[in-house]
Amino acid sequence: MAVVAAGALALAGCTSDTTDTDDTATGAGETTEEDSGDATDDMSETSDGAGESEEPASSGKADLGDVTPNDDIVSFSTGAEEYNAYNGNTSATNSTYNATVNNQLIGGFWYWGTDGAIYPNEWFGSYEVTSEDPLTVDYTISDEANWSDGTPITSNDFLLEWASSNPAAVFGEADEEGKNEGSFDPVSDTFGKYVPDAPETEVGSKTFTVTYPEPYPDWELVVSGALPSHIAAEQSGLEPDALAQAILDGDAETVNSVAEFWNTGWLFPDYQVTDPALVPSSGPYTLDGSVWESGQSLGLVPNEAFFGPMPATGNLVFKFAAPETHVQALQNGDINVIEPQATVDTVDQLNGMGDTVGVLTGDEMTWEHLDFNFAEGSVFSDDEGGLAAREAFAMCVPRQQIVQNLIQPINPEAEVLNLREKFPFQDDYQEVLTAAYDGRFDEVDIEGATAKLEEAGVETPVEVRIGYSAPNQRRTDQVTTIKASCDEAGFNIVDGGDPKFFEAGGSLETGDWEIALFAWAGSGQVASGQPIYQTNGGQNFGGFANEEVDAAWDTLATSNDPAVHLEQVKIIEKLLWDNLYGIPVFAHPGVVGYDTTLENVRHTSVQTGVSWNAEQWVRAN
């Protein structure tokens, strides 16, 4: 997403469950498994309504012509989780609820259409492949591209983007945990990992060149937007050009001096913008002049210095509202666009509101999963109950019942998800499934689970805290269903729902759980799952480690051959089942409700969610 870090899924633990992560989710770092792999069709349907507009022929943004922002207010909610970071690229801030806001603040070279296809932002600049061996891409930033404070957007910003995702290259070898003390804390190291040498450029230039020594299938996603390097430099006591030169020179000490600000200086722990000068915009809206009512809403205003198509609505308000309040808030006019959790009651309520409310539905590249904690002291770690304990849990989780009760009433075609890198609505799903999984955990087996716990040698009942972002009724229902089954096998399932589950320092990050229940939100990348499953990966919250999985990802991520991708995905999926990294549950059904006086509201299957084109939302005259 102009959006999530390159190669990273967004966390989608929020109420709407539609866009991770992760991955994410954010979640597994999926971005476009389409243009980089497998695009899916946009399955959206629109109800009748005054504000309904004809779906464009392509999955990209409609051409609205010259637009002048009006004085209207349009509101949207992703859920109760509150925006907390202008820098959504750290391991603790890569989430859909940060990305939906930052997508309006930070421009980039491209964006995802509703089916995951990649479209260029020609107003931002251009890029072209100038060599296939080695893969070389030339980028040109528009001469008109400036930050809202008047500072030109230059290669300096993208040099910092590269450096912040590549601490090992700048700071020397990483330690055993894959980090260096005092260095950057990125959610994804993709840019630095696959581009080991700094982009070729001059300090302050509008052009730069990126070279990949080895093929990389998701190369187009690696470079999108960038954070303002001049702010990071100035806040660290450096001249902006001096920071850029230090990156080009490999001056570790100088570059390292910026890491602390990059990690923490663009966060909002008190849920307020204390100094708008630190967060200039390169997108259609800005935080300068925004109205932030902590716990309630954040209202963005147009970026008057924007060099691209101006936003249609003068006040775009993100409301922090619990999912169970969304439908009523839409009906009352308190929120204009919602992406609620798709439940039978929600869909029925929306369809029953008449012509004042439009309803959009469609498949989504967001998937629910249960992840094991492999950390020392966890019953599922290899030093404790190990694989046998993990198998016991997998045997008692009633996945079919969960899908039948919670998902099939919305989407009768829904099925239990048995893969992580492919979705049931993709053509090659069955081929990968046949090669990777034998159905061993399809049916609940209480007797087998009990025997496995005995084999694990752990004392029963085994307390297992299932952590998730609360409130979230569908996840609460899942935990209740799992408890009713798994307690019979010798577990004591504890509901670990936590409103701060995804926050920096929250329970997901600290590992205060035995099972993590959330979703990765993707867009169809080929190699996006790597940081989730690789040893010491930035999105590998459970601490899973497997050399064979690492090797398979390395093979996949250094090839542009679709046949190699398919072969390695089969290997990866089988290894993840055989070693039980975690348990996939279902792909999310998508539902959007909106005020039909609005035009241009469009469902998307990708991790950006319905607000992917929020700058185009406008009331019909």
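(A) Quick look at helix α11 (residues 344–351). Taken residue by residue, α11 has T346, V347 and L350 as its buried positions. Buried residues of α11, seen end-on, are gathered within an arc of 95° and therefore sit on one face of the element.

(B) Quick look at the packing of aromatic side chains. One pass over the full model with this rule turns up 45 aromatic pairs. Relative to F158, the ring of F124 has its centre 6.4 Å away and its plane inclined at 80°; by these criteria the two rings are edge-to-face. Of this pair, F124 sits in the loop between β5 (118–120) and β6 (125–132) while F158 is found in helix α2 (residues 155–164), placing the two residues 34 residues apart along the sequence. Grouping residues by exposure puts F124 and F158 together as buried. Ring geometry for F268 against W292: centres 5.5 Å apart, planes inclined by 80°, an arrangement best described as edge-to-face.

(C) Examining the sheet that holds strand β8 (residues 207–212) more closely. Reading across the sheet, the three strands line up as β6-β7-β8 and stay open at both edges, with antiparallel pairing between neighbours. The open sheet terminates on both sides in strands that have one partner only, identified here as β6 and β8. Neighbour-to-neighbour, the strand axes of this sheet turn through a mean angle of 20°, independent of strand direction. In terms of strand pairing, strand β7 (residues 135–141) meets β8 through six bridges, oriented antiparallel. Looking at the pairing, Y139 lines up with F208 of β8.

(D) Local environment of the side chain of S75. Note that S75 resides in strand β3 (residues 73–79). With sequence-adjacent residues up to four places away left out, S75 is seen in contact with V317, K319, D334, I335, N336 and V337.

(E) Examining the confidence of the model for the protein chain more closely. Confidence along the protein chain averages 88 in pLDDT terms, with 88% of residues attaining 70 or more. The model gives residues 13–53 a pLDDT under 50, and that stretch makes 253 contacts with residues more than four places away or in other chains.

(F) Focus on helix α15 (residues 446–456). Residues of α15 that are buried include every one of G448, A449, K452, L453 and A456, and no others. Looking straight down α15, one finds that the buried residues subtend no more than 140° of arc, so they occupy a single side. In α15, the exposed positions that point more than 90 degrees away from the buried face belong to E447 and E454. Two or three places before E447, at the start of α15, stands the capping residue D445, its side-chain oxygen 3.4 Å from that residue's backbone nitrogen. The positive-phi residue at the C-terminal boundary of α15 is G457, with phi of around 75°.

(G) Representation of the nonpolar core within the structure. Judged by nonpolar contacts, the single largest core of 153 residues is most densely connected at Y86, F393 and F491. Setting aside chain neighbours within four positions, we find Y86 in contact with N102, L105, I106, W147, L227, P228, W266, F268, L278, V279, P280 and L287. Formed by 13 residues, the second largest nonpolar core is a distinct cluster that contains A321, A342, L350 and V357.

(H) Layout of the environment of D157. Summarising the element assignment, D157 is placed in helix α2. Separated by 69 residues in sequence, D157 and A226 have C-alpha atoms that sit 5.8 Å apart. Those residues within four positions of D157 in sequence are excluded, and the remaining contacts are W147, P152, A226, L227, P228, S229 and H230. One polar contact links D157 to W147, side chain to side chain, over a distance of 3.2 Å.

Definitions and cut-offs
Residues numbered from 1 in each chain as written. Predicted model: local features only at pLDDT ≥ 70, side-chain atom pairs only at ≥ 80, totals over all residues. Heavy atoms only, no water. Buried < 20%, exposed > 50% of the residue type's maximum accessible area, 1.4 Å probe, protein only. Helix = DSSP H or I, 4+ residues; strand = E, 2+ residues; numbered from the N terminus. Arc of directions from axis to C-beta. Phe/Tyr/Trp six-rings, centres within 6.5 Å; stacked < 30°, edge-to-face > 60°. Pairing = 2+ DSSP bridges. Axes fitted to C-alpha atoms, helices over the stretch in contact; angles between N-to-C directions. Contact = heavy atoms within 4.5 Å. pLDDT = per-residue confidence, 0-100. Polar contact = N/O pair within 3.5 Å; in protein donor to acceptor, adjacent residues only side chain to side chain. Core = buried A, V, L, I, M, F, W, Y, C linked by side-chain atoms within 4.5 Å.

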